Each structure stands twice: as C-alpha cells, then as structure tokens.
Amino acid sequence: PSRRGVAGEAEVATLYLLRGAQGHGQGRRMMRDMARALEALGARSLVVSVLAGNAPARRFYERLGGVAEPERREPG
C-alpha cells in the first residue's frame, strides 16, 4: 500500500538502475512487471515519488503514462 493511505493505491518506494543499464528498456520492463504483480494483489493505481530536481526520472515516468502531482514535502 502507498504511504498516502489511499485505498487500492500501491507505491514503488525505490527504483534504481546503474547508469550503464539505463536506456535499454530494463526500467520499463521492471515497472511493467511490478505493475502487473501489484495489480494481481488488488492495486488499482500506482504512485512513485521523484525528487523535484530529478528531471530524467520524471521524464521516464511521464513516458510510461505517469502524471505529475503537485510537489509535496515529506515530514522530517
């Protein structure tokens, strides 16, 4: 479940690829497989938090159909 506590929402907390592995479809496949597994567990949506300054990651998720939400800060 996501930290936001939204029913049916799953969260990917961390996804990293080594630089040499980027750009070859591995991240896309990982996200596809995770989304399928989470859907099988009942998730209807998926949230991924990305640092505001991480433009490459933001573009990656947007290419997968992700929609940016308003920026928010984590407590602490």
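Below is a short write-up of the structure.

Reading the values: the criteria
- Residues numbered from 1 in each chain as written.
- Predicted model: local features only at pLDDT ≥ 70, side-chain atom pairs only at ≥ 80, totals over all residues.
- Heavy atoms only, no water.
- Helix = DSSP H or I, 4+ residues; strand = E, 2+ residues; numbered from the N terminus.
- Expected span 1.5 Å × (residues − 1).
- Core = buried A, V, L, I, M, F, W, Y, C linked by side-chain atoms within 4.5 Å.
- Buried < 20%, exposed > 50% of the residue type's maximum accessible area, 1.4 Å probe, protein only.
- Phe/Tyr/Trp six-rings, centres within 6.5 Å; stacked < 30°, edge-to-face > 60°.
- Polar contact = N/O pair within 3.5 Å; in protein donor to acceptor, adjacent residues only side chain to side chain.
- Contact = heavy atoms within 4.5 Å.
- Arc of directions from axis to C-beta.
- Pairing = 2+ DSSP bridges.
- Right-handed = clockwise from strand over helix to strand, strands pointing away.

## Details of helix α1 (residues 26–40)
Stage number 1. The end-to-end C-alpha separation of α1 is 21 Å, in line with the 21 Å expected for 15 residues at 1.5 Å each.
Stage number 2. Positive backbone phi, approximately 105 degrees, marks G42, located one or two places after α1.

## Focus on the nonpolar core
Stage number 1. In this structure, V12, L15, M31, A57, F60 and Y61 together form the largest nonpolar core, which totals six residues.
Stage number 2. Among the elements that line this core, the one with the most residues is helix α2 (residues 55–63), at three residues.

## Comments concerning the packing of aromatic side chains
Stage number 1. All chains considered together, the criterion is met by one aromatic pair.
Stage number 2. Ring geometry for F60 and Y61: centres 5.0 Å apart, planes at 70 degrees, overall edge-to-face. No difference in accessibility class separates F60 from Y61, as the two residues are buried.

## Structural notes on the side chain of E11
Stage number 1. Looking at the secondary structure, you find E11 in strand β1 (residues 9–12).
Stage number 2. At a separation of 2.6 Å, a polar atom in the side chain of E11 contacts the side chain of R3.
Stage number 3. Contact partners of E11, with chain neighbours within four places excluded, come to P1, S2, R3, L46, V47 and S49.

## Points about α2
Stage number 1. All of the buried residues in α2 are A57, F60 and Y61. Taken end-on, α2 shows its buried residues confined to a sector of 90 degrees, consistent with a single buried face. Counted as exposed and oriented over 90 degrees from the buried face of α2: P56 and R63.
Stage number 2. The secondary structure elements touched by the buried residues of α2 are α1 and β2 (45–48).
Stage number 3. Between the side-chain oxygen at the start of α2 and the backbone nitrogen of A57 there is a gap of 3.2 Å, and the oxygen is on N54.
Stage number 4. Downstream of α2 by a residue or two, G65 has a phi angle that is positive, lying close to 105 degrees.

## Let's talk about the pairing of β2
Stage number 1. Across four bridges, β1 lies against β2 in parallel orientation. The residue bridging A10 from the neighbouring strand is L46, located in β2.
Stage number 2. You can see the chain leave β1, run along α1 and come back into β2, and the turn it takes is right-handed.

None of this, on its own, says anything about what the molecule does.
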